[in-house]
Structure formats: C-alpha cells, structure tokens
Amino acid sequence: MSAPLTATCLCGGLQFELTLPTKWVSHCHCHNCRRAHGAAFVTWAGFLESSVRCIRGTNKLVRYDTDVQSQRVFCKSCGSTLLFSGERWPGEIHVAVGTIDGELDREPSVHAYADRAPAWCPITDTLPRFGGESGTEPLE
Ligand SMILES: [Zn+2]
Ligand SMILES: [Zn+2]
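Below you will find a few notes about this structure. What you see is a predicted model, and the numbers here were worked out from it, not measured in a lab.

## Describing the nonpolar core
Argument step 1. Counting 19 residues, the largest nonpolar core has Phe16, Leu18, Phe47, Val52, Leu83, Val95 and Ile100 as the members making the most contacts within it.
Argument step 2. Of all the elements in the fold, those that place two or more residues in this core are β1 (5-8), β2 (15-18), β4 (42-48), β7 (70-75), β8 (81-86) and β9 (92-96).
Argument step 3. The contact partners of Val95, leaving out residues within four places of it in the chain, are Ala7, Leu18, Thr43, Trp44, Ala45, Phe47, Val52, Leu82, Leu83 and Ile100.
Argument step 4. In this structure, Cys28, Cys30, Phe84 and Ala96 belong to the second largest nonpolar core, which totals nine residues.

Next up, the structure:
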C-alpha cells in the first residue's frame, strides 16, 4: 500500500490526508467550478468519503452550499477551494487535484461539461468529452 497523499491550501493552514486508490480523475468545465476556482476548468479526483480526513486546520474549514445540492470546502484564511461533494455522488468526495501533494494513481480520463468550456480555453486533447444538462452525457 502506498503512503497517504495530502491536499493542502495555499496558506498551509488547512490540510487533508487522502488514501488511495482514487475512483476516477476528471476535468470539469462547469460554470460553478470555473467561478469557485477562478480557473478555466478544474481537475478533480474522486475518493471514497472514508479516504479523506482533515489533519490540520478544522477551524479554517468553511463549507459553502451551492444552489445545485452540493458543497464546496475552502480555507477561511487563503480561500483555496479543496473539496467538493454533492447529492449526485453519495459517499464520494472530490478533491481538487491542483491542491494535492504527491502522485496520483491515475491520469485524468474524461472531460465533464465539455460543451461549457470557454472560447478562451478550448479543449485540445483527445480524451472523451461529456456534456449536456447533467454534464455527463456523451457528446459527438
Ligand atoms: Zn489556507
Ligand atoms: Zn464542475
């Protein structure tokens, strides 16, 4: 078994321990991810809820309830958004790969909400693309 990874915010005040394996790794181009992270898209790794544990800064941990039955967790001091969970994915926590220290056990395999990618950052790779209302319907 490999040693656990960590996910750390910008100021270092909030940290999670992550136990592999991941369930999946995917790029998400939805508008909520774009706004929450101030980025063109967000790469997420799916973990079992039981594989993600706060090991530093529970007093810095803030939960934001979005309008789509989901929650985003960020650091009260520096604003880094680290975690996502939602009713559509019971028992799972999504961890922003950009905050993870160390090597994951797999590479990103799909684009979700690919049809919402902005014109200023088009998707150029050959990974499968999903979209539509749910973000996960196959696209042509
Ligand atoms: Zn922080
Ligand atoms: Zn998203």
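## Here we look at the sheet that holds strand β5 (residues 52-56)
Argument step 1. Read from one edge to the other, the open sheet built from four strands follows the order β5-β2-β1-β10, with strand pairing classed as antiparallel. The open sheet has two free edges, formed respectively by β5 and β10 (100-101), since each of these has just one partner strand.

## Describing the coordination of the zinc ion (ligand 1)
Argument step 1. With distances of 2.3 to 2.4 Å, the protein atoms coordinating the zinc ion (ligand 1) are Cys9 (SG), Cys11 (SG), Cys75 (SG) and Cys78 (SG).
Argument step 2. Here the zinc ion (ligand 1) binds four donor atoms, and the angle range of 104 to 116 degrees at the metal identifies the geometry as tetrahedral.
Argument step 3. The sequence pattern formed by the donor residues of the zinc ion (ligand 1) is C-x1-C-x63-C-x2-C. Within this pair, whereas Cys9 is found in the loop between β1 and β2, its partner Cys75 is found in strand β7, the two being separated by 66 residues in sequence.
Argument step 4. Classification of Cys75 as buried rests on a relative accessible area of 1%.

## Things to note about the pattern of salt bridges
A side chain with one charge can pair with a side chain of the opposite charge if their charged atoms come near.
Argument step 1. Here the structure, examined in full by the defined rule, presents three salt bridges.
Argument step 2. Residue Glu17 is joined to Arg53 by a salt bridge in which the shortest nitrogen-to-oxygen separation is 3.0 Å. With Glu17 in strand β2 and Arg53 in strand β5, the pair connects residues that are 36 residues apart, well separated along the chain.
Argument step 3. For the salt bridge of Asp105 with Arg106, the shortest nitrogen-to-oxygen distance reads 3.9 Å.

Thresholds, definitions, all that
Residues numbered from 1 in each chain as written. Chains lettered and ligands numbered in written order. Predicted model: local features only at pLDDT ≥ 70, side-chain atom pairs only at ≥ 80, totals over all residues. Heavy atoms only, no water. Core = buried A, V, L, I, M, F, W, Y, C linked by side-chain atoms within 4.5 Å. Buried < 20%, exposed > 50% of the residue type's maximum accessible area, 1.4 Å probe, protein only. Helix = DSSP H or I, 4+ residues; strand = E, 2+ residues; numbered from the N terminus. Contact = heavy atoms within 4.5 Å. Pairing = 2+ DSSP bridges. Donors = N, O, S within 2.8 Å, 3.2 Å for Na, K, Ca; no water. Tetrahedral: all angles 85-135°; square planar, octahedral: opposite > 155°, others 65-115°. Salt bridge = Lys/Arg side-chain N within 4 Å of Asp/Glu carboxyl O.

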